[in-house]
Amino acid sequence: QDASWPHVVVRAPFQCGKRYTMTLPATLSTPGGQTLGEDKSISFDVPDRISMLRFDARRGILSPSGNMLLDLEAVNAHHIALGASRVHANNLVESLRRPHDEDGTSRSLATKTIDLDLPANIPGKLAVDLKGLIDQTTGIYVVKASLAEPERYWVGTSTVVAVTDLGITAKRHK
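None of the values given here were measured: they were computed from a predicted structure.

1. Thoughts on the sheet that holds strand β6 (residues 79-87)
Part 1 of the argument: Here five strands make up an open sheet; going across it, the order is β4-β10-β9-β6-β7 and the pairing mixed. The sheet is open, and its two borders are formed by β4 (59-62) and β7 (106-115), each paired with just one other strand. Mean inter-strand twist for the sheet, computed between neighbouring axes without regard to direction, equals 25°.
Part 2 of the argument: As judged from the four bridges shared by β4 and strand β10 (residues 156-163), these two strands associate in the parallel manner. Each bridged residue has a counterpart across the sheet, and for R59 the counterpart in β10 is V160.

2. Quick look at the nonpolar core
Part 1 of the argument: Of all hydrophobic cores here, the largest spans 25 residues; its most connected members are L53, L72, L130 and V143.
Part 2 of the argument: Counting residues per element, the ones that place at least two in this core are β3 (52-55), β5 (69-75), β6, β8 (124-129), β9 (139-147) and β10.
Part 3 of the argument: Once residues within four sequence positions are removed from consideration, L130 is found in contact with L62, M68, L70 and V143.

3. Focus: the environment of F44
Part 1 of the argument: Following the sequence through the fold, F44 ends up in strand β2 (residues 40-46).
Part 2 of the argument: What makes F44 partly exposed here is its relative accessible area of 25%.
Part 3 of the argument: On a C-alpha basis, the gap between F44 and K18 in space is 8.6 Å, while along the polypeptide they are 26 residues apart.
Part 4 of the argument: Apart from the residues lying within four places of it in its own chain, the contact partners of F44 are F14, K18, R19, Y20 and M22.

4. Structural notes on the sheet that holds β5
Part 1 of the argument: A sheet is described by the order of its strands in space; here three strands give the open sequence β3-β5-β8, paired in antiparallel fashion. Looking at the sheet topology across the chains shown, the edges are occupied by β3 and β8. Taken over all neighbouring pairs, the strand axes of this sheet differ in orientation by 30° on average, direction set aside.
Part 2 of the argument: Pairing of β5 with β8 involves six bridges; the strand directions are antiparallel. Counted as the bridge partner of D71 is A127 from β8.

5. Topic: the pairing of β3
Regular strands place side chains that alternate from one sheet face to the opposite one.
Part 1 of the argument: Residues of β3 alternate between two faces, with L53 and F55 buried on one and M52 and R54 left unburied on the opposite face.
Part 2 of the argument: Looking at chain direction, β3 and β5 are connected through four bridges and run antiparallel. Across the sheet, the residue bridging to R54 is E73, located in β5.

6. Comments concerning the confidence of the model for the protein
Part 1 of the argument: For the protein, mean pLDDT is 84; residues scoring 70 or higher make up 87% of the total.
Part 2 of the argument: Confidence, expressed as mean pLDDT per element, reaches its minimum in the protein at helix α1 (residues 92-97) with 70 and its maximum at β3 with 94.

7. Some remarks on the pattern of salt bridges
Part 1 of the argument: Enumeration according to the criterion identifies four salt bridges in this entry.
Part 2 of the argument: A salt bridge links D56 to K125, with the shortest nitrogen-to-oxygen separation between them at 3.2 Å. Of this pair, D56 sits in the loop between β3 and β4 while K125 is found in strand β8, placing the two residues 69 residues apart along the sequence.
Part 3 of the argument: For D56, a relative accessible area of 34% puts it in the partly exposed group.

Rules of the game
Residues numbered from 1 in each chain as written. Predicted model: local features only at pLDDT ≥ 70, side-chain atom pairs only at ≥ 80, totals over all residues. Heavy atoms only, no water. Pairing = 2+ DSSP bridges. Helix = DSSP H or I, 4+ residues; strand = E, 2+ residues; numbered from the N terminus. Axes fitted to C-alpha atoms, helices over the stretch in contact; angles between N-to-C directions. Core = buried A, V, L, I, M, F, W, Y, C linked by side-chain atoms within 4.5 Å. Buried < 20%, exposed > 50% of the residue type's maximum accessible area, 1.4 Å probe, protein only. Contact = heavy atoms within 4.5 Å. pLDDT = per-residue confidence, 0-100. Salt bridge = Lys/Arg side-chain N within 4 Å of Asp/Glu carboxyl O.

Written out as structure tokens, the structure is:
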């Protein structure tokens, strides 16, 4: 291709995982007036979205007598491995300072795998139930979610959750 030809930008509602063919007309011209001379067709693939997991909040507060649900966004995920660790009370500051080094600051709890039935290439939100994963006693927990698929095991997310029976009520008056 000649470097003097400008580029063409096509904006359209392309769908991931699909193949498209575009035909440029022979009359397409450069700012200098030079035309293509003949119709040109090009085919291209729009790739699938990259697999992703993300908790809606990096930190959260739950009540032990509440529903114990965390919101998780997922795309192109079929099986999720969930795990939780309880942060030792005397290691809270160190745990928050180094969230990825929890071996010395927390105790691993249960793990479970969740099978998902989400459509491909469309981000979906789901509520992850922590019952059975966290013993529902008050404390600080690190909750991790990762793909339970051997070819994409590195895709994951984590959040810090405080399970507490303390509550604050704010009243507004005039």
